[in-house]
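This is what each chain is made of:
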Amino acid sequence: MTAAERVALVEREKHRITYRNITLSFAGILLFLLIWEGLALSGIVDSRILCDVLEVLRLFVTKLSDPNPDGAVLTVHIWSSLQVALLGFLLAVVIGVPLGWLMGWYRGADSFLRPIFEIIRPIPPVSWIPLTIVWLGIGLPAKSFIVFFAAFVPCLINAYTGIRQTKEVLKNVGKTFGASYFTVFVKVGIPSSLVMTFAGIKVAIGNAWATLVAAEMLAASSGLGYMILMGRSYARVDLIILGIVVIGVLGVIISAIINRLERIFLGWRYV
């Protein structure tokens, strides 16, 4: 077998595995929906507790143009939640990741900042809500601040852990070629930490969406979390489930974007 034939065989095998994984993913989703529909239609689960899939789909179509009963159409809720979640998440990445790198690389920064971080780390994000109202009011900055705290911790911890795991031999090679400590930090430490850093970013986006409902309790008038709370108030199970499903779908889309960025920055892992 020639080299070209071996490469072609490897490519075909990759495509086959990719196709199999996609098929299994869709099959898993389809099975979940069929079980859900079966439980709802069979009466095993009370319709006041779990509505059927088609009812949620009908509500999805209706909410694209009808603001009732919660006062806003679905696109307004989605845009409002995206602003809150992404602003808090991006701030956490921009602040938490570089801070984790600095703490992990420079012992002085670690000694100075770690006590503060260890005090902040165990505090639940929702416990900041009363102070946030006092400091920032009840607008977008206040909600994003709550999301920021939920996403900040995993960003910092994973960046810190990743750069601390940089192999000494790689540092020594850089020093042997005359690189300064800062140059080794930028060209050796940061690249070697990216696997752990992206893992932390993925956890952070999950935390950001998980905290969204609590953030939108700050006297919100729109947002998916607000829609879920209104569904509870009106005893509308379909409205609650629609909000949950949309949050899940948005989370999957954003995670796919992060995975794509990871493939760009860590392309060597996928060769």
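These numbers were taken from a predicted model, which means no experiment stands behind them. (Residues numbered from 1 in each chain as written. Predicted model: local features only at pLDDT ≥ 70, side-chain atom pairs only at ≥ 80, totals over all residues. Heavy atoms only, no water.)

(A) Structural detail: the overall build of the protein chain. Helix and strand counts for the protein chain come out as 11 helices and zero strands. Walking the protein chain from its N terminus toward its C terminus, one meets helices and strands in the order α-α-α-α-α-α-α-α-α-α-α. Taken against the 2.2 N^0.38 rule, which gives 18 Å for 271 residues, the C-alpha radius of gyration of the protein chain at 23 Å runs more than 25% over that of a compact globule. Taken along its principal axes, the extent of the C-alpha atoms in the protein chain is 70 × 65 × 30 Å. (Helix = DSSP H or I, 4+ residues; strand = E, 2+ residues; numbered from the N terminus. Rg over C-alpha atoms; globule rule 2.2 N^0.38 Å.)

(B) Focus on the side chain of Ser81. The topology assignment puts Ser81 in helix H3 (residues 74-105). A distance of 2.6 Å separates a polar side-chain atom of Ser81 from the backbone nitrogen of Leu224. If sequence neighbours within four positions are ignored, Ser81 has contacts with Trp209, Leu212, Glu216, Gly223, Leu224 and Gly225. (Polar contact = N/O pair within 3.5 Å; in protein donor to acceptor, adjacent residues only side chain to side chain. Contact = heavy atoms within 4.5 Å.)

(C) Structural view of the packing of helix H2 (residues 53-63) against helix H11 (residues 237-265). Taken N-terminus to C-terminus, the directions of H2 and H11 make an angle of 80°; their axes are 9 Å apart at the nearest point. Between H2 and H11, the angle falls in the class roughly perpendicular. From H2, Glu55, Val56, Leu59, Phe60 and Lys63 reach across to H11, where they touch Asp238, Leu239, Ile241 and Leu242. (Axes fitted to C-alpha atoms, helices over the stretch in contact; angles between N-to-C directions. Parallel < 35°, antiparallel > 145°, perpendicular 65-115°, else oblique.)

(D) Spatial organisation of the packing of aromatic side chains. By the definition in use, this model includes 15 aromatic pairs. Ring centres of Trp128 and Trp135 lie 6.3 Å apart, and the angle between their planes is 50°; this geometry places the pair in the tilted category. Take Trp128: its relative accessible area is 14%, and that puts it in the buried class. Considering the side-chain rings of Phe145 and Phe149, the 4.9 Å spacing of their centres and the 80° angle between planes classify their relative orientation as edge-to-face. With Phe145 and Phe149 both in helix H6 (residues 140-164) and four residues apart, the pair spans about one turn of that helix. Owing to a relative accessible area of 12%, Phe149 belongs among the buried residues under this scheme. In textbook terms, an aromatic cluster arises when at least three aromatic residues are bridged by ring pairs, as seen for Phe117, Trp128, Trp135, Phe145, Phe148, Phe149 and Phe152. Across from the ring centre of Trp105, 4.8 Å away, lies the NZ or CZ of Lys171, which sits over that ring. (Phe/Tyr/Trp six-rings, centres within 6.5 Å; stacked < 30°, edge-to-face > 60°. Buried < 20%, exposed > 50% of the residue type's maximum accessible area, 1.4 Å probe, protein only. Lys NZ or Arg CZ within 6 Å of the ring centre and 35° of its normal.)

(E) Looking closely at the UniProt feature "transmembrane region" (unreviewed entry) in the protein chain. UniProt records the feature "transmembrane region" (unreviewed entry) at residues 21-45, 84-107, 119-138, 144-163, 184-201, 207-227 and 239-258, using the numbering of this structure. Split by type, residues 144-163 is 100% helix and 0% strand. Its first and last C-alpha atoms lie 28 Å apart. (UniProt positions renumbered as here; feature names shortened; annotations may be inferred.)

(F) Structural view of H6. The end-to-end C-alpha separation of H6 is 35 Å, in line with the 36 Å expected for 25 residues at 1.5 Å each. If you look at H6, its biggest bend is around 30°, right at Ala151, and the proline Pro154 turns up within four residues after that. Among the 25 residues in H6, 19 count as buried, and that is most of the element. (Expected span 1.5 Å × (residues − 1). Bend = angle between axes of the 7 residues up to and from the residue.)

(G) Broad picture of the pattern of salt bridges. Evaluated as defined, the whole model comprises eight salt bridges. When the shortest N-O distance is used, the salt bridge between Lys202 and Glu262 registers 2.7 Å. Here Glu262 lies in helix H11 and Lys202 lies in helix H8 (residues 181-210), a separation of 60 residues in the sequence. According to the relative accessible area criterion, Lys202 is partly exposed, its value standing at 34%. (Salt bridge = Lys/Arg side-chain N within 4 Å of Asp/Glu carboxyl O.)

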